[in-house]
Amino acid sequence: MSGGEAARAARAEAVVRHEFAQFQHVRGDDGRADCQDDWPTFRAMRLSQFLEWTPRLLDSYADDLDVADVTGRNLLTEKYARMMESTAPERYAREIAPHLPPLSSTRLALQERIVATQVAWARDFRAHYPRLGAGMRVLTTAEDTDDATSLETYLRGELGTYSTRTLRLYAAFVDAVAAEGGNLTERAVARTAGYAGFADLDAAEAAQDA
């Protein structure tokens, strides 16, 4: 690992630890969730995402987390709160939306463009790796239920917590990956499979029948 790669890995690790610290203060209607005590899984899933990011994007999001601490916000709480716009729309409009930072129409349009790209990536991944895909979130907001939140809804929630600067950097990053024919879903799941001890995605896919 080169010096630059090592520095990015250390930065990604710090971001994941900061997120997990904020995650400890998220409270759902049913109290603390089991996943809030599962650091290994949280770390693997989030590192798989952040290790693909550019250093500038990582630094920007790290700053978002720092600013949130200073200003009394919790980006993880806000992420899950924003998801309720789909999963519990009446309650969201009445109890939650008034307490969240408003998002401009321009920003929402940019978020939707990113979401469309990433949902397409996930759909393509599921077509190539159906067994692995079966263990992922459902794809679209239309498939949301009380017990299952789709990738589309999850992405809207997460993107809604980014600062304007981070969102623009993330959009540029997604556009660059798309321009080179890449697929962030495939890259992230490949990393997660590696953490689980699989040589590659094909090995992880075959193991789903075992």
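Each value, and the rule that gives it
- Residues numbered from 1 in each chain as written.
- Predicted model: local features only at pLDDT ≥ 70, side-chain atom pairs only at ≥ 80, totals over all residues.
- Heavy atoms only, no water.
- Helix = DSSP H or I, 4+ residues; strand = E, 2+ residues; numbered from the N terminus.
- Expected span 1.5 Å × (residues − 1).
- Contact = heavy atoms within 4.5 Å.
- Core = buried A, V, L, I, M, F, W, Y, C linked by side-chain atoms within 4.5 Å.
- Buried < 20%, exposed > 50% of the residue type's maximum accessible area, 1.4 Å probe, protein only.
- Salt bridge = Lys/Arg side-chain N within 4 Å of Asp/Glu carboxyl O.
- Phe/Tyr/Trp six-rings, centres within 6.5 Å; stacked < 30°, edge-to-face > 60°.

### A word on helix α1 (residues 3-23)
1) Next: Taking 1.5 Å of rise per residue, the 21 residues of α1 would be expected to cover 30 Å, and the 30 Å separating its terminal C-alpha atoms lies within 8% of that figure.
2) Next: For α1, the secondary structure elements touched by its buried residues are α2 (39-50), α3 (55-71) and α4 (75-87).

### Here's the deal with the nonpolar core
1) Next: Counting residues in hydrophobic clusters, the biggest one holds 38 residues, and the most contacted among them are Phe50, Trp53, Tyr61, Ile114, Tyr170 and Phe173.
2) Next: For this core, the leading source of residues is helix α9 (residues 164-179), giving seven residues.
3) Next: Ranked by size, the runner-up nonpolar core spans seven residues in total, among them Phe125, Tyr129, Leu132 and Ala193.

### Here we look at the pattern of salt bridges
1) Next: Going through the model one piece at a time under the given rule, you end up with 19 salt bridges.
2) Next: Here arginine 165 ties to aspartate 64 by a salt bridge, and the two come within 3.5 Å at their closest N and O atoms. One end of the pair, arginine 165, is in helix α9; the other, aspartate 64, is in helix α3, with 101 residues separating them in the sequence.
3) Next: A network of salt bridges, in which partner residues are shared, links Glu19, Arg46, Lys79 and Glu158.

### Considerations on the packing of aromatic side chains
1) Next: Applying the stated criterion to the full structure yields 14 aromatic pairs.
2) Next: Aromatic pair phenylalanine 20 and phenylalanine 23: ring centres 6.3 Å apart, planes at 55°, arrangement tilted. Here phenylalanine 23 and phenylalanine 20 lie together in helix α1, a separation of three residues that amounts to about one turn.
3) Next: A residue is classified by how much of its surface remains accessible, and phenylalanine 23, at 5% relative accessible area, is buried.
4) Next: On the numbers, 5.7 Å between centres and 35° between planes, the contact of phenylalanine 50 with tyrosine 61 is tilted. Of the two residues, phenylalanine 50 is situated in helix α2 and tyrosine 61 in helix α3; the sequence distance between them amounts to 11 residues.

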